[in-house]
Structures are given as C-alpha cells and as structure tokens.
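Inside the fold
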Amino acid sequence: MKKITISRPKESFNKNCSYEIFLGKKYLTELKNGEKKTIEIPNDLKNESLKAKIQWCGSKKMELRNTDDHEKIIVNGNKFMNKKMPLFGAMFPLIGLMFFNLKMVPKNIGIGIFIIFLIGIVGTITIWRNKWLNIKTE
C-alpha cells in the first residue's frame with residue numbers, strides 16, 4: 001500500500017468549508033482548515049487521480065502514479081479566485097449605473113463593460129471552476 005500525507009494550510013478564505021478529497025470517483029476524506037491527514041492508498045487505486053473539491057468547484061486532477069511513497073501533498077485555495085474575484089462583485093453597482101446611463105459614460109460603453117463583466121463571472125463559475133483549488137506535491 002502507498003501512503004500519502006495530505007495537508008491544508010490555515011487560510012482566512014474558505015475557512016468554514018471543508019475540502020473533499022477524491023481518488024478517482026471514490027470519496028477519501030475531507031480536510032478542514034489547517035488539517036493534515038495520512039492516508040493509505042489501496043494497490044488497486046494507486047493509478048487513479050487525486051482531486052480536491054469544495055461545493056461545485058475543485059482542483060485539477062493529480063496523477064498518483066507519478067508520486068512516491070510517503071509523498072506530501074498540499075491542497076490550498078487559489079488566492080486570485082478566492083480573494084480578488086469577489087471584489088468584482090462590488091463593481092456590479094458601478095456597472096449598473098453605467099448601464100442605465102446616468103450620464104457617467106456613453107450608453108454603448110456601459111453595455112460593453114456590463115457584457116464583459118457577465119462573461120467573466122459566468123466563466124469563473126463554469127469554465128474555470130476547476131482552478132478554484134490548487135493541489136501540488138511538496
């Protein structure tokens with residue numbers, strides 16, 4: 001059996017959510033903020049990929065066949081997605097003011113900025129949802 005140590009550093013964001021760890025499609029464990037666990041991987045699952053999830057978002061897959069025994073794996077949140085991306089939500093009222101043409105900018109520019117903003121938000125929660133968490137070896 002292969003042993004891996006999975007750790008999650010203390011984070012100020014996502015601190016109330018647990019990260020679920022999957023091996024292939026099999027649920028392994030969950031990591032709370034600042035937690036570290038050692039897990040034994042059965043021989044029949046040692047060629048599967050490891051993935052972390054939080055709600056509908058997650059991380060990219062990490063192939064376990066490329067890791068050694070007693071490997072240390074760190075799972076943490078993507079700092080841009082978790083810290084900076086919510087600030088774009090604060091821009092929504094400003095974009096709304098531009099969109100409804102309160103004589104701040106021309107209406108076409110307001111509509112263009114609003115559409116780009118919506119594409120960015122939808123892309124973050126759909127296309128780039130598997131970049132919300134980072135999983136890497138130490």
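Described in the following lines is the structure provided in the data block. (Residues numbered from 1 in each chain as written. Predicted model: local features only at pLDDT ≥ 70, side-chain atom pairs only at ≥ 80, totals over all residues. Heavy atoms only, no water.)

Now for the sheet that holds strand S8 (residues 71-77). Taken in spatial order, the four strands line up as S4-S1-S8-S9 in an open sheet, and their pairing is mixed. What marks the edges here is a single partner per strand, and that holds for strand S4 (36-41) and strand S9 (133-137). Between one strand and the next, the sheet's axes are offset by a mean angle of 25°, whatever the strand orientation. Bridge analysis of S8 against S9 gives five bridges, and the strand direction is antiparallel. Of the residues in S9, the one forming a bridge with Val75 is Ile135. (Pairing = 2+ DSSP bridges. Helix = DSSP H or I, 4+ residues; strand = E, 2+ residues; numbered from the N terminus. Axes fitted to C-alpha atoms, helices over the stretch in contact; angles between N-to-C directions.)

Following the criterion strictly, the structure yields four salt bridges and no others. Glu40 is paired through a salt bridge with Lys3; the nearest N and O atoms lie 3.8 Å apart. Of the two residues, Glu40 sits in strand S4 while Lys3 sits in strand S1 (residues 2-7), which places them 37 residues apart along the sequence. With a relative accessible area of 32%, Lys3 lands in the partly exposed category. For the salt bridge of Glu35 with Lys37, the shortest nitrogen-to-oxygen distance reads 3.9 Å. With a relative accessible area of 24%, Lys37 lands in the partly exposed category. (Salt bridge = Lys/Arg side-chain N within 4 Å of Asp/Glu carboxyl O. Buried < 20%, exposed > 50% of the residue type's maximum accessible area, 1.4 Å probe, protein only.)

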